[in-house]
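Structural overview for review
Residues per chain are reported as follows:
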Amino acid sequence: MNDRFDRDYINSAEASAPDMDKLWERISSSEPADTDITPFVSAAMECNARPVGRNTALRGLSAAAVFIAVICAVSTMSGEIPIAESDNAVNEGYSEEYSEESSVRYGFVSAVTASSGWDYNTELTVSSDNSYYTLSLAETDSDAYTGITDNTWSDEYFVEENILLQTDMFLDCEIISSDYSEDGGIIYSVRTVHAVCEEESEFPEYTRVYSDSPYSLKNGREYLLPIQIRNGRYIVVFDNAPQIEFTLDRQLVVHNGWESLSENGVYLNYPQTYPDDFFYDRMNLTAEYSLSNLFEKWEKLRA
């Protein structure tokens, strides 16, 4: 019995561990003056992006190993070796008050349930012209066509109930970068702000989201994405509409297909980016606390 348990554990550990040989091969092939750590950060994000579930602790250790490798790589390339600072470097940016009891642990955030949510902002501030351009939005280096896919437009109607039934979780996230996938879609690298799940669990702080949309998600901006988990990938549900966007003062930019959010919203003048875009005159601004209505409806439909 113990031998079988040991074998299963070893097999699980090997399956969950990052390919360190491949990572070190990238490191050793780098030029001495090359300070671009993007390949190493990408490897760390791949490690973190494994689906939520079993082997959480092991994934955390694997991710930590990759990040330590990144630090060593950068130190080697720059000729500097950090002394007694590696732990701080690894944890930097994850939690200012790091502890085992903290709700934010290395590389993972605690997902919230739909019924609990978070401390929503109740303010709704409307400008005189109700324009998207006057909203408090994070700066972005993305242009209007960043993240556009090659797919044609879909004639499918947006029906909130249908979208919620397909949604396995909601991901409140900041867009870090985007890249094209082999199938013509977009892979977004994101940082998790809140993960809304049906039950308490842990979710990687950095992960990837797959999209197939003519509407771009802009770097540095925060969005709430309905996510379907398919073959271990986090895929945006119904791409043919603008996604729910957060302003810096925690208000929501939404299209009126989200009935749960638009009930207490106001009309918003929104730019028309694409010739066939018919959502530009269907956009609303609403307060963040409206999310409680959306999550409650989702929870009931999924019960």
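Predicted model, so just to flag it, every value in this text is computed and none were measured. (Residues numbered from 1 in each chain as written. Predicted model: local features only at pLDDT ≥ 70, side-chain atom pairs only at ≥ 80, totals over all residues. Heavy atoms only, no water.)

With that out of the way, let us pick up the overall build of the protein chain. Within the protein chain, the regular secondary structure consists of 8 helices and 13 strands. By the burial criterion, 46% of the 303 residues in the protein chain qualify as buried. Taking the intrachain contacts of the protein chain between residues at least 6 apart in sequence as the baseline, contacts between residues at least 24 apart amount to 70%. (Helix = DSSP H or I, 4+ residues; strand = E, 2+ residues; numbered from the N terminus. Buried < 20%, exposed > 50% of the residue type's maximum accessible area, 1.4 Å probe, protein only. Contact = heavy atoms within 4.5 Å.)

Applying the stated rule across the entire model yields 10 salt bridges. For the salt bridge of Glu288 with Arg250, the shortest nitrogen-to-oxygen distance reads 2.9 Å. Separated by 38 residues along the polypeptide, Glu288 in the loop between strand 13 (283-287) and helix 8 (291-302) and Arg250 in the loop between strand 10 (244-246) and strand 11 (251-255) bring together distant segments of the chain. Salt bridges here are not isolated pairs; linked through shared partners, they connect Asp172, Glu222, Arg250 and Glu288. (Salt bridge = Lys/Arg side-chain N within 4 Å of Asp/Glu carboxyl O.)

Here we take up unusual backbone geometry. The phi torsion at Phe238 lies on the positive side, around 50 degrees, for a residue other than glycine. Of note, Phe238 is situated in the loop between strand 9 (233-236) and strand 10. Relative accessible area serves as the criterion here: at 11%, Phe238 is assigned to the buried category.

Let us look at the packing of aromatic side chains. Within this structure, the stated rule accounts for 10 aromatic pairs. A centroid spacing of 4.8 Å and a plane angle of 65 degrees characterise the contact between Tyr132 and Tyr270, whose relative ring orientation is edge-to-face. Of this pair, Tyr132 sits in the loop between strand 3 (112-113) and helix 6 (160-166) while Tyr270 sits in the loop between strand 12 (266-267) and strand 13, and the two are 138 residues apart along the sequence. Here Tyr132 and Tyr270 have matching classes, each one buried. Among the aromatic side chains, those forming a connected cluster through ring pairs are Trp118, Tyr120, Phe170, Phe295 and Trp298. (Phe/Tyr/Trp six-rings, centres within 6.5 Å; stacked < 30°, edge-to-face > 60°.)

Counting all residues, the mean pLDDT for the protein chain is 74, and 61% of those residues have values of 70 or more. This stretch, residues 44-105, has a pLDDT under 50; its non-local contacts, to residues over four places away or in other chains, come to 109 contacts. (pLDDT = per-residue confidence, 0-100.)

The next thing to look at is the environment of Asn284. Structurally, the position occupied by Asn284 is in strand 13. The class for Asn284 is buried, based on a relative accessible area of 11%. Sequence separation between Asn284 and Leu268 is 16 residues; the distance between their C-alpha atoms is 4.9 Å. Setting aside anything within four residues of it in sequence, one finds Asn284 in contact with Leu252, Val253, Val254, Asn256, Ser262, Val266, Tyr267 and Leu268. Within the local environment of Asn284, its side chain forms a polar contact with the side chain of Ser262, the two groups lying 3.3 Å apart. (Polar contact = N/O pair within 3.5 Å; in protein donor to acceptor, adjacent residues only side chain to side chain.)

Time to look at the pairing of strand 4 (residues 169-180). In this structure, strand 4 lies alongside strand 8 (residues 222-230), joined through 6 bridges in antiparallel fashion. By the bridge assignment, Asp172 is partnered in strand 8 with Leu224. Taken together, the 10 bridges between strand 4 and strand 5 (residues 186-197) define a ladder with antiparallel strand orientation. Pairing of Ile175 across the sheet is with Val190, part of strand 5. The antiparallel pairing of strand 4 with strand 5 creates a hairpin that spans 5 residues between the two strands, and Gly184 there sits at a positive phi of about 90 degrees. (Pairing = 2+ DSSP bridges.)

Attention now goes to the side chain of Thr286. The topology assignment puts Thr286 in strand 13. Within the local environment of Thr286, its side chain forms a polar contact with the backbone oxygen of Leu261, the two atoms lying 3.1 Å apart. Looking at Thr286, its side chain comes within polar contact range of the side chain of Ser290, at 2.9 Å. Discounting residues that sit within four places of it in the chain, Thr286 has contacts with Leu124, Gln251, Leu252, Val254, Leu261, Asn264 and Gly265.

Here helix 8 contains 12 residues, and its C-alpha end-to-end distance of 16 Å stays within 8% of the 16 Å for a straight helix at 1.5 Å per residue. Buried within helix 8 we find Leu291, Leu294, Phe295 and Trp298. Buried residues of helix 8, viewed axially, fall in a sector of 90 degrees; they line one side. (Expected span 1.5 Å × (residues − 1). Arc of directions from axis to C-beta.)

Let's shift gears to the nonpolar core. Judged by nonpolar contacts, the single largest core of 34 residues is most densely connected at Phe170, Trp258, Leu291, Leu294 and Phe295. Top element by residues in this core is helix 8. It accounts for 4 residues. Among residues more than four places away in sequence, those in contact with Trp258 are Phe158, Glu160, Ile163, Leu164, Phe170, Pro226, Ile244 and Leu294. Val109, Tyr188, Leu225 and Tyr234 belong to the second largest nonpolar core, which has 19 residues in total. (Core = buried A, V, L, I, M, F, W, Y, C linked by side-chain atoms within 4.5 Å.)

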